[in-house]
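# Commentary on secondary and tertiary structure
Below, each chain spelled out in residue letters.
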Amino acid sequence: MQKAGNALAPSGLVPRQERFRWTWAVSVCLHVAVFAGMLFGSSGSCAREGEPPQTPIAARLVRLGTPRDERLLPRLPNQTPTPPVAKDAPVVQAGEKVAQEAPVPQPSPPKPTETTVPSPVAAAAPEPKQQAKAPADAPKNESKQKLDDIMKRFSTGTRQGPADPLPGQLDGDPMGDAEEAAEGERYLALVQKRIQSNYTVPSTIPDEERIRLRAVVTIRVEPNGMISEFKITKPSGNESFDAALESAVRRASPLPPPPDHLRASLKALPINFRI
Amino acid sequence: MRRILIHLAALALVVPTVAAAEDAQQQPPALEISGATFRPQPIAVAPPIATGDEVAAADEIYEALTFDLRVSGLFDVIPRAAFLADPREGMGPEGISWPRWSDVGAESLVKLQVTKSDKGLRASFKLHDVQPRRTALTMDLDGRRADARRLAHEFADALVKHFTKEPGAFSTRIAFVKRSKGAKEIWISDYDGKNAAPVTERGGIAILPAWSPSGGELTFTFFKRSLEYPNGHPQLWKATLSNGRNAAFTGRGDLNTGASYSPDGTRIAFTMSSDGNPEIYVIGVDGTGLTRLTRSEGIDTSPAWSPDGKRIAFVSDRHGTPQIFVMKADGSEPERVTRQGNYNQTPAWSPRGDEIAFTARDERLVFDIFVVNVDTKEVRRITQDQGQNEHPTWSPNGRMLMFSSDRRGKRSLWVSSADGNVQQRISTADDAEYTDPAWGPFTKK
């Protein structure tokens, strides 16, 4: 270098070499910067650019219905075996009772809106009315009908009232099964939901094990949606739990064909299970 | 030239890094799946093997065993009508046609044989795992003919223990109130209503029995009309089960009711009123050291100890309506637990400590059984659209509940799995009215 410098010096190229050194330094700095960017920012800003899988959120269809007054005790949704007494609009009946009851004592909790309780109930009333039967009774008969209904319930002794509307959202789906909505990577959420819906474990698993049982499973989803591989990469230590995981995954297959951008990653999809 | 080489080297370093980063980016995050649905273990109890005199006893054992397994909430007992296997099949494991049992969905299979023995009869039980085709548990129990059901309970306890590593609660006793001819008397029986015997025969009103933790004593509320008290004077009475004696324990003021033993058995919390305002007090089991715990203008009643003895649940209407509260055992830091419904009463603290069962009147003015989580305050419903259901009590292992229900007419006792999915009637000797169940502690063997 020294020798070359000396050779070039008389030819008037010295300032040019100075300029090269500077470029070289800038080049190194830029590379370092690019390296650093790759190393530290790869998962952050870069990942958001392309078509990366987002965190899956278990999305459930929001059920169509009236939100239940949170001051009321819960009702079991699956137990509504009360078709016989469905003469008048059943939901209005239930709403009426709520409206009568709510103002009586209820001292401490914030009274949200007394009027909102009956109104959505009344709004939702025509829907079940059409489905149940009830050939639209004349309004003047309504109070007598209600009285009859009450008398009937008391006389039968069971006092089981007409079916309640299930809690849900006013803009929900009649087939929905959730009360709130969420968004996320749809396909993965669907995989999650399908496995989740088949995720049943024996109730005989001891309580203390329920808290700490964990297992990691890797599955392979084929382009046609079949789950072709199931491997317990980290067993839980409880045979019946591991067996339940396998049957949960097997029963979830076949899934709908995955979208193109996920195919590569679905060759080995890890799933963390806990109870 | 050298410069170019350096540049190339740098580039060569960068490119694989970028590629690696893209790879990592393609790797999806692991799916997290939790919130499993628990399903009862499908179990088949094969028809009992017995001949001659033992057939009736075998049927009794079979009936008691299937009753226990069903109501435990842990097992799905496959109906006998569905069985495909030869009813004459042996105890196994040799000779069992496993596919016939797995075809009906059984994961576990119980075989039962009853024979004569010196003590009366011998019940031999075998539990087989159907899939691995192996015997998991073998038990031979001897007992008197009259104790046939108790042998079944003992094996059911062993089954629960085998699967859950927790004790079963089928060999326990219950206390309850039986109504007859204007009187209410305290009775005790096995948990399934069999072997019932009266504790009181005083012709008055004896209600709200409470077991001492040792199981040797019952404290109950008793009152009878007299000249002095035309409407009766509710007092706490104690019954000693070993000698059948019962006597007044405390009768201060104008009302003493709703006893609950502390888990260590040294103290009793109860409701007492001397000025028309019932409050909760604690008294030593020897009758000394009366201490007042609550001081509110409302009614405070129905104390129930937590299993660790540090807290007491009770009912108070200090906020306007009867609600379940929890306070420390010294009466400090009362906290409201129920915020739904406007008539919540009769709390019973689960032996597991996390939940309190109670009776609540819902918006349809029907009494039903609910369970509230003490920490999260989340309320679960146990009964619905099945008549009036009241006064829950927990089994000592916290896996079952018992309450009174009028769903079949007169009020009778019903036992339910803790999730409420299985509810069965306790069959009693007659069709009198049965209420106020109190589940006794584990019996020592």
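The rules behind the values
Sequence positions are assigned chain by chain, starting from 1 and proceeding in written order. Both sets of labels track the order of writing: A upward for chains, 1 upward for ligands. Reporting in this predicted model follows two pLDDT cut-offs: at least 70 for local features of residues, and 80 or more for side-chain atom pairs to be given and counted; totals over whole chains, interfaces and linings ignore these cut-offs and use all residues. The basis for every side-chain value is the complete set of non-hydrogen atoms in the structure, without hydrogens or water. A run of H or I in DSSP counts as a helix once it spans at least four residues, and a run of E counts as a strand once it spans at least two, with each numbered from the N terminus. Buried means the residue's accessible area, taken with a 1.4 Å probe over protein chains only, is under 20% of the maximum for its type, while exposed means over 50%, and partly exposed covers the values in between. Contact criterion: two residues are considered in contact whenever any of their non-hydrogen atoms come within 4.5 Å of each other. To measure how exposed things are, a 1.4 Å probe is used in the Shrake-Rupley method; for residues, cover is taken only from the protein chains shown. The atom set for the radius of gyration is the C-alpha atoms, and the globule formula is 2.2 Å times the number of residues raised to the power 0.38. When charges are tallied, Lys and Arg are placed among the positive residues and Asp and Glu among the negative ones, while His and the ends of the chain are skipped. Lysine's charge is taken at NZ, arginine's at CZ, aspartate's at CG and glutamate's at CD. Only rings of Phe, Tyr and Trp enter the pairing, Trp through its six-membered ring, and a pair is recorded when the two centres are within 6.5 Å. The plane angle decides the type: under 30 degrees is stacked, over 60 is edge-to-face, the rest tilted. Charges are assigned to positions over rings by a cutoff of 6 Å between ring centre and Lys NZ or Arg CZ, combined with an angular limit of 35 degrees from the ring normal. By definition, a salt bridge exists where a carboxyl oxygen of Asp or Glu is found within 4 Å of a side-chain nitrogen of Lys or Arg. The score called pLDDT rates the predictor's confidence residue by residue, from a low of 0 to a high of 100. Strand pairing is assigned whenever DSSP detects at least two bridges linking the two strands. To obtain an axis, a line is fitted to C-alpha atoms, over the contacting stretch when the element is a helix, and the angle between two such axes runs from 0 to 180 degrees between their N-to-C directions. Only residues above 30% relative accessible area that lack a salt bridge enter a patch, with like-charged residues linked at up to 9 Å and the nonpolar side chains Val, Leu, Ile, Met, Phe, Trp and Tyr linked at up to 5 Å. Expected helix span is computed as 1.5 Å times (number of residues minus one).

On to the overall build of chain A. When helices and strands are counted, chain A shows 10 helices and four strands. Start at the N end of chain A and walk to the C end: the helices and strands fall as α-α-α-α-α-α-α-β-α-β-β-α-α-β. Residue burial in chain A is summarised as follows: out of 275 residues, 36% are buried. Residue pairs at least 24 apart in sequence account for 79% of intrachain contacts in chain A once pairs closer than 6 positions are excluded. Looking at chain A as shown, the accessible area adds up to about 16500 Å², and 59% of this sits on carbon and sulfur atoms.

On to the overall build of chain B, then. Check the secondary structure of chain B and you find four helices and 31 strands. Taken over C-alpha atoms, the radius of gyration comes to 28 Å for chain B, far larger than the 22 Å a tight globule of 445 residues would show. Its C-alpha atoms put chain B at 120 × 70 × 40 Å along the principal axes. Counting across all 445 residues of chain B, residues that qualify as buried make up 55%. Accessible surface for chain B amounts to roughly 19100 Å². Of this, 50% is attributable to carbon and sulfur atoms. On chain B, the mean spot of the 55 positive side-chain charges and the mean spot of the 56 negative ones are 1 Å from each other.

This part takes up the packing of aromatic side chains. Residues and elements named next belong to chain B. A complete count under the given rule lists 13 aromatic pairs over all chains for this structure. Ring geometry for Phe-358 against Phe-370: centres 6.0 Å apart, planes inclined by 25 degrees, an arrangement best described as stacked. Here Phe-358, found in strand β24 (residues 355-361), pairs with Phe-370, found in strand β25 (residues 367-373); they are 12 residues apart in sequence, far enough to count as distant. The same class applies to Phe-358 and to Phe-370, which are both buried. Lying across the ring of Phe-325, Arg-318 places its NZ or CZ 5.2 Å from the centre.

With that settled, the discussion passes to the pattern of salt bridges. Pairing between side chains of opposite charge can happen when their charged atoms approach one another. This structure, assessed with the given rule, holds 38 salt bridges over all chains. Its salt-bridge partner being Arg-263 of chain A, residue Asp-260 of chain A comes within 3.4 Å of it at the nearest N-O pair. On the criterion of helical spacing, the pair formed by Asp-260 of chain A and Arg-263 of chain A is a turn pair, its members being three residues apart in helix α10 (residues 260-263). Salt-bridge contacts for Arg-380 of chain B lead to Glu-355 of chain B; the nearest nitrogen and oxygen are separated by 3.0 Å. Placement of the pair is Arg-380 of chain B in strand β26 (residues 379-381) and Glu-355 of chain B in strand β24, with a sequence separation of 25 residues. Arg-380 of chain B gets classed as partly exposed once you look at its relative accessible area, which sits at 26%. Given a relative accessible area of 15%, Glu-355 of chain B falls into the buried group. The network of salt bridges with common partners includes Arg-75 of chain A together with Asp-362, Arg-364, Asp-368, Arg-381 and Asp-385 of chain B.

Residues and elements named next belong to chain B. Of all residues in chain B, 93% have pLDDT values of 70 or greater, and the mean over the chain is 91. Segment residues 17-25: pLDDT under 50, and nine contacts once partners within four positions in sequence are set aside and those in other chains are kept. ipTM for the predicted complex: 0.71, alongside a pTM of 0.72.

Residues and elements named next belong to chain B. Spatially, five strands are ordered β4-β3-β5-β6-β7 in an open sheet, and the strand pairing comes out mixed. The strands lining the two open edges of the sheet, one partner per strand, are β4 (75-77) and β7 (134-143). Sheet twist, expressed as the mean angle between neighbouring strand axes with direction ignored, is 25 degrees. Against the sheet, helix α2 (residues 54-71) touches β3 (41-45), β4, β5 (108-117) and β6 (120-129), its axis set at about 145 degrees to β5.

Once that is clear, we can look at the environment of Ala-46 of chain B. Residue and element names in this part refer to chain B. Along the polypeptide, Ala-46 turns up in the loop between β3 and α2. Given a relative accessible area of 3%, Ala-46 falls into the buried group. Note: C-alpha distance between Ala-46 and Phe-170 (124 residues apart in sequence) is 20 Å. Contacts of Ala-46, omitting those with residues within four sequence positions, involve Tyr-62, Phe-83, Trp-101, Leu-109, Val-110 and Lys-111.

A word on the environment of Arg-311 of chain B. All names here are of chain B. Structurally, Arg-311 can be placed in strand β20 (residues 311-316). Residues Arg-311 and Asp-330 lie 19 residues apart in sequence; the distance between their C-alpha atoms is 8.1 Å. Other than its neighbours up to four places away in sequence, Arg-311 contacts Ala-304, Trp-305, Ser-306, Val-326, Met-327, Lys-328, Ala-329, Trp-349 and Val-374.

What follows deals with the sheet that holds strand β1 (residues 31-33) of chain B. Sheet architecture is open: four strands sit in the order β3(A)-β2(A)-β4(A)-β1(B), paired in mixed fashion. Where the open sheet ends on each side, the last strands, each with one partner, are β3 (227-234) of chain A together with β1 of chain B. Across the sheet, the mean angle separating the axes of adjacent strands is 25 degrees when strand polarity is ignored. In this sheet, β1 of chain B lies alongside strand β4 (residues 269-274) of chain A in parallel orientation, the contact comprising three bridges. By the bridge assignment, Asn-272 of chain A is partnered in β1 of chain B with Glu-32 of chain B. In the packing of helix α7 (residues 186-197) of chain A onto the sheet, contacts are made with β2 (214-221) and β4 of chain A together with β1 of chain B, and the angle to β1 of chain B comes to roughly 30 degrees. Running over the sheet, helix α9 (residues 239-252) of chain A touches β2, β3 and β4 of chain A and is turned about 155 degrees from β3 of chain A.

On to a nonpolar patch on the surface. Taken together, the side chains of Trp-22, Val-26 and Leu-30 of chain A present a nonpolar region at the surface, about 330 Å² in accessible area. Inspection of the secondary structure puts Trp-22 of chain A in helix α2 (residues 14-41).

Moving on, we get to the confidence of the model for chain A. Taken as a whole, chain A shows an average pLDDT of 67; of its residues, 47% reach a score of 70 or greater. Element-level mean pLDDT values for chain A span from 38 in helix α3 (residues 90-101) of chain A up to 92 in β2 of chain A.

All names here are of chain B. With 17 residues, helix α4 (residues 148-164) ought to run about 24 Å at 1.5 Å a step, and its terminal C-alpha atoms sit 25 Å apart, in line with that. With 13 of its 17 residues buried, α4 lies for the most part within the structure. Two residues or fewer after α4 comes Lys-165, characterised by a positive phi angle close to 65 degrees.

Keep in mind that most residues, glycine aside, have a negative phi and that most peptide bonds are trans. Cis geometry is adopted by the peptide bond preceding Pro-254 of chain A, which originates at Ser-253 of chain A and carries an omega value of 0 degrees. With an omega of 5 degrees, the peptide bond running from Gly-92 of chain B to Pro-93 of chain B counts as cis. Here Pro-93 of chain B is to be found in the loop between β4 and α3 (98-103). Here the phi dihedral of Asp-385 of chain B falls at roughly 55 degrees; this positive angle occurs in a residue that is not glycine. Here Asp-385 of chain B shows up in the loop between β26 and β27 (389-394). Unlike most non-glycine residues, Asp-436 of chain B shows phi in positive territory, near 50 degrees. Locating Asp-436 of chain B in the fold gives a position in strand β31 (residues 433-439). Since its relative accessible area comes to 12%, Asp-436 of chain B is described here as buried.

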